[in-house]
Amino acid sequence: QVQLMESGGGLVQPGGSLRLSCAASGSIFRVNAMGWYRQAPGKERGLVASVTSGGSTDYADSVKGRFTISMDNAKNTVYLQMDSLKPEDTAVYSCNADVLTTTRVRYIRWGQGTQVTVSS
């Protein structure tokens, strides 16, 4: 079994910061990549940022220069540092992990999602 544990969401004023965390646990052989996606009301879910175990990163154009993603391979944990937050960043943020289990089975796992609200 593989589980994702998310934390760090909440309410913040425009221009403020939040840090999201997502830890993968269970019978994990290795984590290939982890990322954060978000979905706002009336919008489709889209990629915010992702990172591979080798350190390669990818960001949505709308968050470049404001968000930073990183991974702690030893802890199987991904972090999303969100700075200069805007009301448009308000959404449910969900963690995604591409994992290989100890039995060498590949799984794509999703977290439950955490609400991020940017408002005065």
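Our subject is the structure listed above.
Here's what I pulled together on the structure shown here. (Residues numbered from 1 in each chain as written. Predicted model: local features only at pLDDT ≥ 70, side-chain atom pairs only at ≥ 80, totals over all residues. Heavy atoms only, no water.)

## So, the overall build of the chain
Applicable threshold: Helix and strand assignments come from DSSP, with helices taken as H or I runs of at least 4 residues and strands as E runs of at least 2, each series counted from the N terminus. The globule rule is 2.2 Å times the number of residues to the power 0.38, and the radius of gyration it is compared with is taken over C-alpha atoms. Contact between two residues is taken to exist if any of their heavy atoms lie within 4.5 Å; hydrogens are not considered. Only the protein chains shown count as cover for residues, and all accessible areas are computed by the Shrake-Rupley method using a 1.4 Å probe. We count Lys and Arg on the positive side and Asp and Glu on the negative side, and we leave His and both chain ends out. By convention, the charge on Lys lies at NZ, on Arg at CZ, on Asp at CG and on Glu at CD.
For the chain, the helix and strand inventory stands at zero helices and 11 strands. Computed over C-alpha atoms, the radius of gyration of the chain comes to 14 Å, within 12% of the 14 Å expected from 2.2 N^0.38 for 120 residues, which places it in the range of a compact globule. Judged by the C-alpha coordinates and their principal axes, the chain covers about 50 × 25 × 20 Å. For the chain, the share of sequence-separated contacts (at least 6 apart) that also reach a separation of at least 24 residues comes to 55%. With the model as given, the accessible surface of the chain reaches about 6400 Å², and the carbon-plus-sulfur share is 46%. In the chain, 12 positive and 9 negative side-chain charges are present, and the distance between their average locations comes to 6 Å.

## Regarding the pairing of strand β9 (residues 91-101)
We apply this condition: Throughout, exposure labels follow a simple rule: accessible area from a 1.4 Å probe, protein chains only, divided by the maximum for the residue type, with under 20% read as buried, over 50% as exposed, and the rest as partly exposed. Strands were regarded as paired on the criterion that DSSP finds at least two bridges between them.
With 10 of its 11 residues buried, β9 lies for the most part within the structure. Here 10 bridges tie strand β4 (residues 28-39) to β9, and the two strands are oriented antiparallel to one another. When the bridges of β9 are listed, Trp36 appears paired with Cys95. Bridge count between β9 and strand β10 (residues 106-110): five bridges; the pairing is antiparallel. Each residue of the ladder has a partner; that of Val99, found in β10, is Tyr107. Remark: four residues form the turn of the hairpin made by β9 and β10, two consecutive strands paired antiparallel; Arg104 in that turn has positive phi of roughly 70°.

## What about the sheet that holds strand β7 (residues 67-72)?
Inclusion rule: Angles here are taken between N-to-C directions and fall from 0 to 180 degrees, while the axes themselves are lines fitted to C-alpha atoms, restricted in helices to the stretch in contact.
Strand order in this open sheet of four strands is β1-β3-β8-β7, and the pairing throughout is antiparallel. Only two strands of the sheet have a single partner each, and these edge strands are β1 (2-7) and β7. Pairwise comparison of adjacent strand axes, ignoring direction, gives a mean angle of 15° for this sheet. As judged from the six bridges shared by β1 and strand β3 (residues 18-26), these two strands associate in the antiparallel manner. In the sheet register, Ser7 faces β3, and the bridge partner there is Ser21.

## Looking at the side chain of Ser94
Inspection of the secondary structure puts Ser94 in strand β9. By relative accessible area, which is 8% here, Ser94 ends up buried.

## A closer look at the pattern of salt bridges
The criterion, for reference: For this document, the term salt bridge refers to a Lys or Arg side-chain nitrogen within 4 Å of an Asp or Glu carboxyl oxygen.
All told, the structure shown has four salt bridges when counted by the stated rule. A salt bridge links Asp98 to Arg106, with the shortest nitrogen-to-oxygen separation between them at 2.4 Å. For Arg106, a relative accessible area of 56% translates into the label exposed. One network of salt bridges, in which partners are shared, links Arg38, Arg66 and Asp89.

Any link to function would need more than the numbers given here.
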